[in-house]
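# Commentary on secondary and tertiary structure
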Amino acid sequence: MEEDSQSSTTSVDENTENFCNNPTRDTLAEGLMGLIKPTVDQLDERVRTTRISQLELKQHIESLAEELKKISEAQQVTIDLDAYVRKLINAKHRVTVLTNVLQSAQERLNKIHQSIERETVKRKVLLEGACSDIQ
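Note that the structure is predicted; figures quoted are calculated from it, not measured. (Residues numbered from 1 in each chain as written. Predicted model: local features only at pLDDT ≥ 70, side-chain atom pairs only at ≥ 80, totals over all residues. Heavy atoms only, no water.)

## Brief notes about the confidence of the model for the chain
- In this model, the chain carries an average pLDDT of 78, and 77% of its residues clear a pLDDT of 70 or more.
- Across residues 1-5, confidence stays below pLDDT 50; counting only partners more than four residues off in sequence or on other chains, it has one contact.
- Low pLDDT (under 50) marks residues 7-17, which in the prediction has five contacts with non-local residues, meaning those over four places away or in another chain. (pLDDT = per-residue confidence, 0-100. Contact = heavy atoms within 4.5 Å.)

Dropping the structure here:
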C-alpha cells in the first residue's frame, strides 16, 4: 500500500474534512431518513384514523345498547335481549382495549418521529458546522 492511502487521523477534528467531503455518507444518511420518515408518518396517520374509527364504533355500540334496553323495557312481551346487550358490552370492551393498544403504538410512533427529527437536525448542524470550520 502507498503511504498516502493509510490514514493516521484519530480525532474527529482531524477527520472533519473527510466527513464533509463524503457525499456517499451524506446521500446514504439522507436516503435512509427519507425512507424511514414517510413510513413513520404514514403509520402515525393510519393509527390516528383507526383510533377515530374505533371511538366512533364505541359510541355507536353504546347507543345501540341503550336502544336495545329501551326496546326491552317497552315490550309487553318479554324478549330476552340481555344476551345481545352482553355481547355488545363485550364488543365495547374489546374496542376499548384495542384503542388503548393503538394509543400506546401511536405514542411510540410519535417518539420515533421525534427521534428522527432530532437526528436530522443534529446531522444538519454537524454537517454545516464541520463544513463552515473547514472554509
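## Structural notes on the pattern of salt bridges
- One pass over the structure, following the stated rule, counts seven salt bridges.
- Across the pair Glu45 and Arg48 runs a salt bridge, and its minimum N-O distance is 3.1 Å. With a gap of three residues between them, Glu45 and Arg48 both fall in helix α2 (residues 23-74), about one helical turn apart.
- The exposure class of Glu45 is partly exposed, given its relative accessible area of 40%.
- Glu119 is the salt-bridge partner of Arg123, the closest N and O atoms lying 3.3 Å from each other. (Salt bridge = Lys/Arg side-chain N within 4 Å of Asp/Glu carboxyl O. Helix = DSSP H or I, 4+ residues; strand = E, 2+ residues; numbered from the N terminus. Buried < 20%, exposed > 50% of the residue type's maximum accessible area, 1.4 Å probe, protein only.)

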